[in-house]
Amino acid sequence: MSNINSNHPNPQFERENWESLNGIWDFGFQKKTRGFKFSNDESTCIDIRNRGEYTHKINVPFCIESELSGIGYTGFVNMVWYRKKITVNKNGKRVFLHIGAADHLTTVLVNSKPVGRHKGGYTSFSFDITDYTVDGENEIFILCEDDVKNPFVIRGKQSELLKSHHCDYTRTTGIWQSVYIEYVPENYIKNFKIYPDVNNATVTVSANLIGTGSFSCEAYYNGKCVGKANLEFAAGNSALQLKLDEVHAWEVGNGRLYELRIKFGDDEVKSYFGLRNVRLDGYKFLINEKSVFQRLVLDQGFYKKGIYTAENDDELERDIRLSMELGFNGARLHQKVFDPRFLYFCDKAGYIVWGEFANWGLDYSNPKSVDVFLSEWKEALERDFNHPSIIGWCPFNETWDYRGRKQYDPLLSTVYDYTKAVDSTRPCIDTSGNFHVKTDIYDLHDYSYDVDFFKRNYDRFVTENYLYEHVLVDNPGRQKYTGQPVFISEYGGIKWTADSAYKSWGYGEDVKTEQEFLDRYCGLTDAIITNVKLFGFCYTQLYDIEQEQNGLYTYDRKRKFSDDIYEQIRETNIKIAAIEEI
């Protein structure tokens with residue numbers, strides 16, 4: 001059995017017979033036009049394809065705005081289109097076209113015939129293109145339409161202004177994750193969920209199967225089979241529980257991944273899992289029944305040359321390594337659904353992360369936003385459910401009122417309820433920061449810079465059960481603390497300009513020397529670590545992004561401070577937390 005260290009775009013769902021379509025495609029685009037409206041059907045796509053207007057070549061999966069695309073156009077764009085000739089050899093198999101992510105409305109033609117449309121810029125999707133292809137040469141045509149100013153288009157941290165500003169950055173239009181085709185038997189595994197149980201040394205695989213056939217699972221650890229189960233006949237929704245001969249717990253800093261081979265008839269999928277449980281206990285966050293203090297850093301998944309897309313695996317692994325070198329044990333993956341390969345490296349490293357979404361740009365005040373958001377969020381939950389590194393879900397971030405209108409609270413409560421129905425194994429934070437409606441954890445964002453003031457406020461939480469937060473004070477009645485575990489999920493963000501090419505922006509602009517920076521960082525962080533009622537922190541942020549220069553590293557991941565500063569940051573981060581000792 002081959003190991004999981006492959007180059008497959010999704011190492012948790014790997015078939016042997018696949019082909020990458022990344023690389024050079026014919027390309028054209030339309031700059032922003034007044035009164036732009038999304039197409040109602042495939043006719044727009046057919047019309048553009050028939051015109052044959054390809055003015056550029058583009059390097060997929062990099063967006064038009066990026067340097068790595070070979071174009072680097074950063075103005076507003078409403079439409080982009082791609083064409084590529086591919087060779088298909090079905091050999092009795094079905095052919096699936098997979099697109100990791102494309103922003104925002106994607107329409108696909110194969111040999112001039114429409115095969116499907118997908119709405120949403122952050123989640124993976126696929127189309128069965130078998131009946132549209134022939135053995136030999138075929139043409140794939142993809143049209144992507146986008147409008148970051150539309151109140152029902154989720155843009156995340158993409159700037160709605162022409163230029164980047166404050167904490168919004170260069171846009172991403174069109175394809176930005178890997179494109180590939182896959183050859184699949186007539187009877188096949190559509191998807192599956194993995195339920196590890198470290199307490200009982202078992203793992204359960206619940207699969208959605210298309211067709212009928214025998215169904216089996218085998219688990220391996222370091223190449224040795226340590227568990228297997230099978231059904232002679234299976235169809236539809238089927239489950240197998242494997243008793244594991246060896247227990248190797250997944251833990252922070254050590255992934256200890258098991259390999260998993262899932263077979264259904266002639267179909268075989270290679271995957272993996274980590275043996276770990278998570279739960280809340282009072283104010284504590286437990287991983288495999290051990291209180292784990294979350295020493296997190298904000299990671300927004302931006303890259304200087306590729307914007308939303310890392311140039312290669314080295315860039316993905318680098319951010320995890322840089323974070324861990326400073327004593328962080330995980331990250332909030334902020335306002336973006338990250339590449340599956342990044343999550344794979346998190347799984348391997350034992351690097352804990354929160355699965356989040358890119359919610360900014362949505363009109364939170366409108367009831368229509370419920371359907372818009374859930375249609376994309378459910379795809380993220382389905383794709384990333386099996387990653388052991390994801391220890392919680394947080395669908396929204398800072399749901400500030402939309403153009404003066406209060407948020408529609410049922411949006412948050414409905415998404416929370418849906419998330420818990422789909423996944424009862426992880427906690428869910430409805431929105432990070434504000435305005436909480438229904439949540440397992442009360443998290444808050446606190447950019448106070450007076451260390452003594454910061455510490456006194458959270459000390460009062462211990463002595464008086466009084467939780468101070470500016471959102472609570474400034475917006476009476478909007479949210480209420482009701483005794484949940486507490487997490488400081490954004491703080492710090494101390495500005496330190498390293499790139500004079502940008503008119504820099506950040507928090508805490510009064511810091512003038514490295515020692516001032518260090519004193520503030522260590523003082524704020526220590527106040528959280530020593531508090532017996534706080535289970536974690538998330539510092540803003542790991543690296544600069546364009547004009548926002550409050551990272552611990554530059555945008556291209558170079559050091560901003562002397563080695564001694566980094567060593568003292570690490571020493572502060574790795575202190576044993578008060579909540580871990582009680």
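Just so you know, these numbers come straight off a predicted model, no measurement behind them.

Conventions adopted
Residues numbered from 1 in each chain as written. Predicted model: local features only at pLDDT ≥ 70, side-chain atom pairs only at ≥ 80, totals over all residues. Heavy atoms only, no water. Salt bridge = Lys/Arg side-chain N within 4 Å of Asp/Glu carboxyl O. Helix = DSSP H or I, 4+ residues; strand = E, 2+ residues; numbered from the N terminus. Buried < 20%, exposed > 50% of the residue type's maximum accessible area, 1.4 Å probe, protein only. Pairing = 2+ DSSP bridges. Polar contact = N/O pair within 3.5 Å; in protein donor to acceptor, adjacent residues only side chain to side chain. Contact = heavy atoms within 4.5 Å. Axes fitted to C-alpha atoms, helices over the stretch in contact; angles between N-to-C directions. Parallel < 35°, antiparallel > 145°, perpendicular 65-115°, else oblique. Left-handed = near helix turned anticlockwise from the far one by under 90°. Nonpolar A, V, L, I, M, F, W, Y, C, P; charged D, E, K, R; others polar. Phe/Tyr/Trp six-rings, centres within 6.5 Å; stacked < 30°, edge-to-face > 60°. Lys NZ or Arg CZ within 6 Å of the ring centre and 35° of its normal.

Let's talk about the pattern of salt bridges
For step 1, the next point in the chain: Per the counting criterion, the structure on display carries 38 salt bridges.
For step 2, the next point in the chain: The partner of Asp319 in a salt bridge is Arg557, with the nearest N and O atoms 2.9 Å apart. Highlighted residues: Asp319 in helix H2 (residues 313-325) and Arg557 in the loop between strand E29 (534-540) and helix H9 (563-573), separated in sequence by 238 residues. When sorted by exposure, Asp319 lands in the same class as Arg557, which is buried.

Description of the pairing of strand E7 (residues 105-110)
For step 1, the next point in the chain: Taking burial as the measure, the six residues of E7 include six buried ones, the bulk of the element.
For step 2, the next point in the chain: Counting the residues in the hairpin turn of E7 and strand E8 (residues 113-119) gives two residues, including Asn111, whose phi is positive at 50°.
For step 3, the next point in the chain: In this structure, E7 lies alongside strand E10 (residues 136-145), joined through six bridges in antiparallel fashion. Looking across to E10, one finds that Val108 is bridged to Ile142.

Points about the side chain of Gln335
For step 1, the next point in the chain: Position of Gln335 among the secondary structure elements: in the loop between strand E22 (330-333) and helix H3 (340-349).
For step 2, the next point in the chain: Within polar-contact distance, the side chain of Gln335 engages the backbone nitrogen of Asn359 at 2.9 Å.
For step 3, the next point in the chain: Among all residues touching Gln335, those that are not within four sequence positions of it are Tyr122, Gly156, Lys157, Tyr308, Glu356, Phe357, Ala358, Asn359, Trp360 and Asn397.

Brief notes about the sheet that holds strand E19 (residues 284-287)
Strand pairing within a sheet occurs via backbone hydrogen bonds; the two strands may be parallel or antiparallel.
For step 1, the next point in the chain: The sheet built from three strands is open, its strands ordered E18-E19-E20 with antiparallel pairing. In the strand order of this sheet, the two ends are held by strand E18 (278-281) and strand E20 (290-291), each with one partner.
For step 2, the next point in the chain: Bridging between E19 and E20 involves two bridges; their strand directions are antiparallel. Across the sheet, the residue bridging to Ile287 is Lys290, located in E20.

A few points about the packing of helix H4 (residues 369-384) against helix H5 (residues 409-422)
For step 1, the next point in the chain: Packing of H4 against H5 leaves a shortest axis separation of 10 Å and a crossing angle of 25°. Between H4 and H5, the crossing angle belongs to the class labelled roughly parallel. Handedness of the H4/H5 crossing: right-handed. Every residue of H5 that contacts H4 at Ser369, Val370, Phe373, Leu374, Trp377, Lys378 and Leu381 is listed here: Leu411, Thr414, Val415, Tyr418, Thr419 and Val422.
For step 2, the next point in the chain: When its residues are assigned to classes, the contact of H4 with H5 shows nine nonpolar, three polar and one charged.

Structural notes on the packing of aromatic side chains
For step 1, the next point in the chain: For the structure on display, the rule yields 50 aromatic pairs.
For step 2, the next point in the chain: Their ring planes at 65° and their centres at 5.7 Å tell us that Phe125 and Phe127 sit as a pair that is edge-to-face. Judged on exposure class, the residue Phe125 and its partner Phe127 are both buried.
For step 3, the next point in the chain: One aromatic cluster is present, built from ring pairs that chain together Tyr122, Tyr169, Trp176, Phe302, Tyr308, Phe357, Tyr364, Phe373, Trp377, Trp393 and Phe396.
For step 4, the next point in the chain: Between Arg171 and the ring centre of Phe76, over which it is positioned, the NZ or CZ distance is 4.1 Å.
For step 5, the next point in the chain: Above the face of the Phe435 ring, Arg478 is positioned so that its terminal group lies 4.0 Å from the ring centre.

Let's talk about the environment of Thr554
For step 1, the next point in the chain: Position of Thr554 among the secondary structure elements: in the loop between E29 and H9.
For step 2, the next point in the chain: With relative accessibility at 12%, the residue Thr554 sits in the buried group.
For step 3, the next point in the chain: Residue contacts for Thr554: discarding those within four places in its chain leaves Ala498, Tyr543, Asp544 and Lys560.
For step 4, the next point in the chain: Side-chain polar atoms of Thr554 contact the side chain of Asp556, separated by 2.5 Å.

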